[in-house]
Amino acid sequence: KGLLEFKNVTFSYPQEDITLNKFNLKIEPNKKIAIVGKSGSGKSTLFNLITRIFDPNEGKILLDNFDIKDLNEESLRQNISIIRQEPFIFNRSIIDNFKLINKSITLEEIRKYAKMAYLDDYIMSLPNNYNTILGEGGVNLSGGQKQRLSIARTLAKKSKIILFDEATSALDNESQEFIKKAINELVKDHTVVIIAHRLSTIIDADIIHVVDKGKIVASGKHKELLKTSKIYKNLYEQESLNS
(Lines give C-alpha, C1' and ligand atoms only; values in the text may rest on other atoms or scores of the structure.)
Protein backbone atom coordinates (compact mmCIF):
# COMPACT_ATOMS: atom_id res chain seq x y z
CA LYS A 1 0.00 0.00 0.00
CA GLY A 2 2.91 2.36 0.68
CA LEU A 3 2.02 3.44 4.24
CA LEU A 4 5.17 4.79 5.93
CA GLU A 5 5.46 5.48 9.64
CA PHE A 6 8.25 6.78 11.88
CA LYS A 7 7.71 5.75 15.51
CA ASN A 8 9.82 7.48 18.18
CA VAL A 9 12.86 7.52 15.89
CA THR A 10 16.07 8.94 17.33
CA PHE A 11 19.12 9.17 15.10
CA SER A 12 22.53 10.80 15.05
CA TYR A 13 25.38 10.50 12.55
CA PRO A 14 28.67 9.18 14.00
CA GLN A 15 30.40 11.78 16.21
CA GLU A 16 27.57 14.28 15.68
CA ASP A 17 24.72 15.70 17.76
CA ILE A 18 21.25 14.15 17.56
CA THR A 19 19.64 14.82 14.15
CA LEU A 20 16.20 13.31 14.86
CA ASN A 21 14.85 13.22 18.40
CA LYS A 22 11.90 10.88 19.18
CA PHE A 23 10.60 11.67 15.70
CA ASN A 24 7.02 10.62 14.81
CA LEU A 25 5.42 10.87 11.39
CA LYS A 26 2.76 8.94 9.46
CA ILE A 27 2.83 9.23 5.65
CA GLU A 28 -0.24 7.93 3.85
CA PRO A 29 -0.38 6.86 0.20
CA ASN A 30 -2.08 8.76 -2.64
CA LYS A 31 -1.29 12.16 -1.15
CA LYS A 32 1.36 14.75 -1.91
CA ILE A 33 3.33 15.07 1.33
CA ALA A 34 5.98 17.79 1.71
CA ILE A 35 8.68 18.15 4.35
CA VAL A 36 10.25 21.58 4.84
CA GLY A 37 12.61 23.18 7.31
CA LYS A 38 15.79 25.15 7.69
CA SER A 39 19.10 23.70 6.51
CA GLY A 40 20.34 21.03 8.91
CA SER A 41 16.92 20.39 10.46
CA GLY A 42 16.99 16.67 9.54
CA LYS A 43 14.97 16.59 6.30
CA SER A 44 17.36 14.57 4.10
CA THR A 45 18.13 12.22 7.00
CA LEU A 46 14.54 10.92 6.72
CA PHE A 47 15.26 9.60 3.22
CA ASN A 48 18.56 8.04 4.34
CA LEU A 49 16.62 6.14 7.01
CA ILE A 50 13.71 5.10 4.75
CA THR A 51 16.17 3.57 2.25
CA ARG A 52 18.27 2.05 5.08
CA ILE A 53 21.49 3.80 4.15
CA PHE A 54 21.44 4.25 7.94
CA ASP A 55 19.31 2.64 10.65
CA PRO A 56 17.81 4.54 13.61
CA ASN A 57 19.60 4.49 16.97
CA GLU A 58 16.17 4.06 18.60
CA GLY A 59 12.59 3.62 17.43
CA LYS A 60 11.12 1.98 14.32
CA ILE A 61 10.29 2.81 10.73
CA LEU A 62 7.32 0.82 9.44
CA LEU A 63 6.27 0.13 5.86
CA ASP A 64 2.69 -1.20 5.72
CA ASN A 65 3.10 -1.98 9.45
CA PHE A 66 6.27 -4.09 8.89
CA ASP A 67 9.52 -2.93 10.48
CA ILE A 68 11.76 -2.14 7.49
CA LYS A 69 14.62 -3.91 9.30
CA ASP A 70 12.69 -7.15 8.68
CA LEU A 71 12.68 -6.56 4.91
CA ASN A 72 15.73 -7.36 2.82
CA GLU A 73 17.38 -4.33 1.24
CA GLU A 74 16.71 -5.44 -2.35
CA SER A 75 12.99 -5.83 -1.69
CA LEU A 76 12.84 -2.49 0.15
CA ARG A 77 14.72 -0.55 -2.52
CA GLN A 78 12.74 -2.13 -5.36
CA ASN A 79 9.65 -0.48 -3.87
CA ILE A 80 11.26 2.91 -3.27
CA SER A 81 12.67 5.43 -5.76
CA ILE A 82 14.52 8.65 -5.01
CA ILE A 83 14.55 11.51 -7.51
CA ARG A 84 17.41 13.84 -6.68
CA GLN A 85 18.40 17.32 -7.81
CA GLU A 86 20.96 15.77 -10.22
CA PRO A 87 19.56 12.40 -11.36
CA PHE A 88 22.09 9.97 -12.82
CA ILE A 89 21.62 9.43 -16.54
CA PHE A 90 23.64 6.84 -18.46
CA ASN A 91 25.64 7.56 -21.63
CA ARG A 92 23.33 5.38 -23.73
CA SER A 93 20.15 5.76 -25.76
CA ILE A 94 16.94 6.89 -24.11
CA ILE A 95 15.52 3.37 -24.62
CA ASP A 96 18.58 1.84 -22.92
CA ASN A 97 18.19 4.23 -19.97
CA PHE A 98 14.79 2.59 -19.43
CA LYS A 99 15.96 -0.98 -20.12
CA LEU A 100 18.52 -0.68 -17.32
CA ILE A 101 15.52 -0.29 -14.98
CA ASN A 102 13.30 -2.88 -16.65
CA LYS A 103 14.89 -5.26 -19.21
CA SER A 104 11.60 -6.34 -20.78
CA ILE A 105 10.07 -2.87 -21.21
CA THR A 106 8.62 -2.11 -24.66
CA LEU A 107 8.86 1.16 -26.60
CA GLU A 108 5.08 1.52 -26.22
CA GLU A 109 5.42 1.36 -22.41
CA ILE A 110 8.39 3.77 -22.42
CA ARG A 111 6.36 6.29 -24.41
CA LYS A 112 3.42 5.89 -22.01
CA TYR A 113 5.65 6.76 -19.03
CA ALA A 114 7.37 9.59 -20.91
CA LYS A 115 3.94 11.08 -21.72
CA MET A 116 2.99 10.91 -18.04
CA ALA A 117 6.22 12.81 -17.28
CA TYR A 118 5.50 15.38 -20.05
CA LEU A 119 8.63 14.40 -21.99
CA ASP A 120 7.36 12.43 -25.02
CA ASP A 121 6.79 15.50 -27.24
CA TYR A 122 10.38 16.63 -26.75
CA ILE A 123 11.85 13.16 -27.41
CA MET A 124 9.75 12.74 -30.57
CA SER A 125 11.13 16.09 -31.84
CA LEU A 126 14.70 14.69 -31.75
CA PRO A 127 16.12 13.28 -35.04
CA ASN A 128 16.56 9.77 -33.54
CA ASN A 129 13.59 9.94 -31.17
CA TYR A 130 13.97 7.31 -28.42
CA ASN A 131 17.22 6.02 -30.00
CA THR A 132 18.93 9.34 -29.22
CA ILE A 133 22.17 8.80 -27.29
CA LEU A 134 22.30 10.84 -24.09
CA GLY A 135 25.69 12.16 -23.05
CA GLU A 136 27.28 11.20 -19.73
CA GLY A 137 25.02 12.53 -16.97
CA GLY A 138 22.50 13.66 -19.61
CA VAL A 139 24.60 16.68 -20.66
CA ASN A 140 22.43 17.28 -23.72
CA LEU A 141 19.25 17.57 -21.59
CA SER A 142 18.10 20.59 -19.60
CA GLY A 143 17.69 20.28 -15.82
CA GLY A 144 13.92 19.95 -16.18
CA GLN A 145 14.21 17.29 -18.90
CA LYS A 146 16.59 15.24 -16.72
CA GLN A 147 14.08 15.38 -13.88
CA ARG A 148 11.23 14.32 -16.15
CA LEU A 149 13.30 11.45 -17.55
CA SER A 150 14.03 10.39 -13.98
CA ILE A 151 10.29 10.48 -13.17
CA ALA A 152 9.47 8.42 -16.28
CA ARG A 153 12.13 5.81 -15.31
CA THR A 154 10.67 5.68 -11.81
CA LEU A 155 7.26 4.91 -13.32
CA ALA A 156 8.89 2.11 -15.32
CA LYS A 157 10.41 0.71 -12.14
CA LYS A 158 6.89 0.59 -10.64
CA SER A 159 8.04 1.46 -7.13
CA LYS A 160 5.20 2.34 -4.80
CA ILE A 161 7.06 5.03 -2.82
CA ILE A 162 8.63 7.98 -4.62
CA LEU A 163 10.86 10.39 -2.72
CA PHE A 164 11.82 13.77 -4.20
CA ASP A 165 14.98 15.17 -2.61
CA GLU A 166 15.18 18.91 -3.40
CA ALA A 167 14.38 17.78 -6.95
CA THR A 168 13.08 21.11 -8.27
CA SER A 169 15.31 23.57 -6.42
CA ALA A 170 17.51 24.35 -9.46
CA LEU A 171 14.79 24.49 -12.15
CA ASP A 172 13.30 27.45 -13.99
CA ASN A 173 9.59 28.19 -13.53
CA GLU A 174 8.44 26.47 -16.75
CA SER A 175 10.30 23.23 -15.92
CA GLN A 176 9.00 23.43 -12.37
CA GLU A 177 5.42 23.56 -13.67
CA PHE A 178 5.99 20.42 -15.78
CA ILE A 179 7.43 18.61 -12.76
CA LYS A 180 4.46 19.67 -10.61
CA LYS A 181 2.07 18.26 -13.23
CA ALA A 182 4.05 15.00 -13.37
CA ILE A 183 4.01 14.71 -9.57
CA ASN A 184 0.23 15.20 -9.56
CA GLU A 185 -0.01 12.20 -11.95
CA LEU A 186 2.12 10.11 -9.56
CA VAL A 187 0.04 10.92 -6.49
CA LYS A 188 -2.94 8.99 -7.88
CA ASP A 189 -1.41 5.61 -7.02
CA HIS A 190 1.90 6.22 -5.23
CA THR A 191 3.18 7.50 -1.92
CA VAL A 192 4.89 10.78 -2.81
CA VAL A 193 7.13 12.58 -0.32
CA ILE A 194 8.88 15.82 -1.27
CA ILE A 195 11.73 17.45 0.61
CA ALA A 196 11.44 21.00 -0.61
CA HIS A 197 13.86 23.88 -0.59
CA ARG A 198 11.68 25.99 -2.89
CA LEU A 199 8.32 26.27 -1.15
CA SER A 200 6.67 27.42 -4.38
CA THR A 201 6.86 23.80 -5.57
CA ILE A 202 4.83 22.41 -2.65
CA ILE A 203 2.26 25.07 -1.77
CA ASP A 204 -0.45 22.78 -3.22
CA ALA A 205 0.67 19.74 -1.16
CA ASP A 206 -2.03 17.84 0.76
CA ILE A 207 0.03 18.09 3.95
CA ILE A 208 3.19 20.09 4.66
CA HIS A 209 5.25 19.04 7.68
CA VAL A 210 7.64 21.58 9.17
CA VAL A 211 10.76 20.04 10.74
CA ASP A 212 12.92 21.87 13.27
CA LYS A 213 15.66 20.49 15.52
CA GLY A 214 14.79 16.91 14.60
CA LYS A 215 11.05 17.07 15.28
CA ILE A 216 7.82 17.92 13.46
CA VAL A 217 6.81 21.30 14.87
CA ALA A 218 3.85 22.08 12.59
CA SER A 219 1.68 20.35 9.96
CA GLY A 220 -1.04 21.58 7.64
CA LYS A 221 -1.73 23.19 4.28
CA HIS A 222 0.15 26.21 2.96
CA LYS A 223 -2.34 28.95 3.92
CA GLU A 224 -2.90 27.43 7.34
CA LEU A 225 0.85 27.24 8.09
CA LEU A 226 1.39 30.86 7.06
CA LYS A 227 -0.90 31.75 9.98
CA THR A 228 0.17 29.11 12.52
CA SER A 229 3.89 28.45 11.97
CA LYS A 230 6.46 31.20 12.41
CA ILE A 231 9.22 29.00 10.92
CA TYR A 232 7.16 28.26 7.79
CA LYS A 233 6.16 31.92 7.40
CA ASN A 234 9.81 33.00 7.70
CA LEU A 235 10.96 30.43 5.12
CA TYR A 236 8.24 31.53 2.70
CA GLU A 237 8.93 35.24 3.16
CA GLN A 238 12.67 34.70 2.75
CA GLU A 239 12.06 32.86 -0.54
CA SER A 240 9.76 35.63 -1.77
CA LEU A 241 12.46 38.23 -1.00
CA ASN A 242 15.13 36.19 -2.81
CA SER A 243 12.99 35.78 -5.93
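That block above? That's the structure.
What you are looking at is a predicted structure, and each value in this text was computed from that prediction instead of being measured.

Student: Give me the pairing of strand β9 (residues 207-212): which residues, what numbers.
Tutor: Burial of β9 is extensive: five of the six residues sit out of reach of the surface. Joining the antiparallel neighbours β9 and strand β10 (residues 215-220) is a turn of two residues, in which lysine 213 adopts a positive phi near 50 degrees.

Student: Report on the sheet that holds strand β5 (residues 66-67), specifying residues and quantitative values.
Tutor: Strand order across the open sheet formed by four strands is β2-β1-β4-β5, with antiparallel pairing between neighbours. Looking at the sheet topology across the chains shown, the edges are occupied by β2 (18-27) and β5. Sheet topology places strand β4 (residues 58-63) next to β5; two bridges connect them, and they run antiparallel. By the bridge assignment, leucine 63 is partnered in β5 with phenylalanine 66. Here helix α1 (residues 43-50) sits on the sheet and contacts β1 (4-12), β2 and β4; the angle it forms with β1, its principal contact strand, is near 110 degrees.

Student: Give me the lowdown on the nonpolar core, citing residues and values where you can.
Tutor: Counting residues in each nonpolar core, the largest one holds 41 residues, and the members touching the most others are Ile151, Phe164 and Ile202. When residues no more than four places from it in sequence are discounted, the contact partners of isoleucine 202 are Ala34, Val36, Ile194, Ala196, Ile208 and Tyr232. Of all hydrophobic cores here, the second largest spans 25 residues; its members include Ile33, Ile50, Ile61 and Leu63.

Student: Can you explain helix α6 (residues 143-157)? Please cite residues and give values.
Tutor: Spanning 15 residues, α6 covers 21 Å between terminal C-alpha atoms, matching the ideal 21 Å at 1.5 Å per step. Counting buried positions along α6 yields 13 of 15 residues, so the element is predominantly enclosed. Positioned one or two residues after α6, lysine 158 has a phi angle of 65 degrees, which is positive.

Student: Mind laying out the sheet that holds strand β8 (residues 191-195), listing which residues take part and the relevant values?
Tutor: Strand order across the open sheet formed by six strands is β6-β7-β8-β3-β9-β10, with mixed pairing between neighbours. Pairing within the sheet leaves two strands with one partner each, and these edge strands are β6 (80-84) and β10. On average, each strand axis in the sheet is inclined to that of its neighbour by 20 degrees, with strand direction left out of account. Two elements, strand β7 (residues 161-165) and β8, share five bridges in a ladder whose sense is parallel. Following the sheet pairing, isoleucine 162 is matched in β8 by valine 192.

Student: Could you give an account of a nonpolar patch on the surface, with specific residues and numbers?
Tutor: Taken together, the side chains of Phe88, Phe90 and Leu100 make up a nonpolar region of the molecular surface, amounting to roughly 280 Å² of accessible area. Within the secondary structure layout, phenylalanine 88 lies in the loop between β6 and α3 (94-99). Residue classification places phenylalanine 88 among the partly exposed positions, given a relative accessible area of 49%.

Student: Before we move on, could you go through the environment of phenylalanine 6 and cite the residues and values that matter?
Tutor: Take phenylalanine 6: it is sitting in strand β1. Under the relative-accessibility criterion, phenylalanine 6 is labelled buried at 1%. The contacts of phenylalanine 6, once residues within four sequence positions are left out, are Phe23, Asn24, Leu25, Leu46, Leu49, Ile50, Lys60 and Ile61.

Student: Before we move on, can you summarise helix α4 (residues 107-116) with the specific residues and values?
Tutor: Within the sequence span of α4, burial applies to Ile110, Tyr113 and Ala114. One side of α4 holds all its buried residues, which, seen down the axis, span an arc of 100 degrees. The secondary structure elements touched by the buried residues of α4 are α3, α5 (120-124) and α6. Tyrosine 118 occupies a position one or two residues after α4 and carries a positive phi of about 55 degrees.

The rules behind each value
- Residues numbered from 1 in each chain as written.
- Predicted model: local features only at pLDDT ≥ 70, side-chain atom pairs only at ≥ 80, totals over all residues.
- Heavy atoms only, no water.
- Buried < 20%, exposed > 50% of the residue type's maximum accessible area, 1.4 Å probe, protein only.
- Helix = DSSP H or I, 4+ residues; strand = E, 2+ residues; numbered from the N terminus.
- Pairing = 2+ DSSP bridges.
- Contact = heavy atoms within 4.5 Å.
- Axes fitted to C-alpha atoms, helices over the stretch in contact; angles between N-to-C directions.
- Core = buried A, V, L, I, M, F, W, Y, C linked by side-chain atoms within 4.5 Å.
- Expected span 1.5 Å × (residues − 1).
- Patch = residues over 30% accessible without salt bridge, like charges linked within 9 Å, V, L, I, M, F, W, Y side chains within 5 Å.
- Areas by Shrake-Rupley, 256 points an atom, 1.4 Å probe, with all protein chains shown as cover.
- Salt bridge = Lys/Arg side-chain N within 4 Å of Asp/Glu carboxyl O.
- Arc of directions from axis to C-beta.

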